[in-house]
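Chain by chain, the residues run as shown.
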Amino acid sequence: MNIDKRTPYGGIDISMEAVASVAGGAASECYGVVGLAPRTRSLSDQVYSLLGNEEYAKGIVCRKVKKGYEIDVFLLCAYGVKLPEVCSEVQKKVKYDLEKTFGMKFAAVNVYVQDIKEAA
């Protein structure tokens, strides 16, 4: 699935991998975020997360709704941080970076904390 955007100069096709890359990069920069977690916790996903093989597409889900596009971010948070503040900051930063990068509005950014880990 791609996002189609029309401009006076022509059409732009934005892939979901591009959206996931921008959203994942923005979320990873926030304080209290250890990394992104896969949406489903299969054995191979757990091995990848332990080895540090970070793929933003696995921790970000983008879907089209009536009002536009919604982004789901699945996080690994650090132990000892205030989760509501971390989630709020991730929502703000991801939404700001997506809207600035792609020049379009996103309806919602939903944040899900999948696990809490000791920061290294």
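What comes next is a walk through the structure. (Residues numbered from 1 in each chain as written. Predicted model: local features only at pLDDT ≥ 70, side-chain atom pairs only at ≥ 80, totals over all residues. Heavy atoms only, no water.)

### Considerations on the side chain of Asp 72
Put simply, the rule is: Only DSSP runs of H or I reaching four residues or more are called helices, and only runs of E reaching two or more are called strands; each is numbered from the N terminus. What qualifies as a polar contact is a pair of N or O atoms within 3.5 Å, subject to a donor-acceptor requirement within protein and to the restriction that residues adjacent in sequence count only when both atoms come from side chains. Every residue pair with non-hydrogen atoms within 4.5 Å of one another is taken to be in contact.
Structurally, Asp 72 can be placed in strand 5 (residues 68-78). Within polar-contact distance, the side chain of Asp 72 engages the side chain of Arg 63 at 2.4 Å. Ignoring sequence-local partners within four residues, the contact set of Asp 72 consists of Gly 59, Ile 60, Val 61, Arg 63, Asn 110 and Tyr 112.

### What to know about a nonpolar patch on the surface
Using the following cut-off: The patches described consist of residues with a relative accessible area above 30% and no salt bridge, like charges being joined within 9 Å and nonpolar side chains (Val, Leu, Ile, Met, Phe, Trp, Tyr) within 5 Å. Reported accessibility uses the Shrake-Rupley method at a 1.4 Å probe radius. Residues are deemed covered only where the shown protein chains occlude them. We define a salt bridge as a side-chain nitrogen of Lys or Arg found within 4 Å of a carboxyl oxygen belonging to Asp or Glu.
A grouping of Tyr 79, Val 113 and Ile 116 is seen on the molecular surface, where their side chains present a nonpolar patch of about 310 Å² in accessible area. Looking at where Val 113 falls in the secondary structure, it is placed in strand 6 (residues 108-117).

### Things to note about the environment of Ala 23
The topology assignment puts Ala 23 in helix 1 (residues 16-28). With 38 residues separating them in the primary sequence, Ala 23 and Val 61 have C-alpha atoms 9.7 Å apart. If sequence neighbours within four positions are ignored, Ala 23 has contacts with Ile 60, Ile 71, Val 94 and Leu 98.

### Details of the pattern of salt bridges
Counting across every chain of the model gives six salt bridges. The partner of Lys 93 in a salt bridge is Asp 97, with the nearest N and O atoms 3.3 Å apart. Placement of the pair is Lys 93 and Asp 97 together in helix 4 (residues 83-102), with a separation of four residues, close to one helical turn. Residues participating in the shared-partner salt-bridge network are Glu 29, Lys 93 and Asp 97.

Read these as spatial facts, not as claims about activity.
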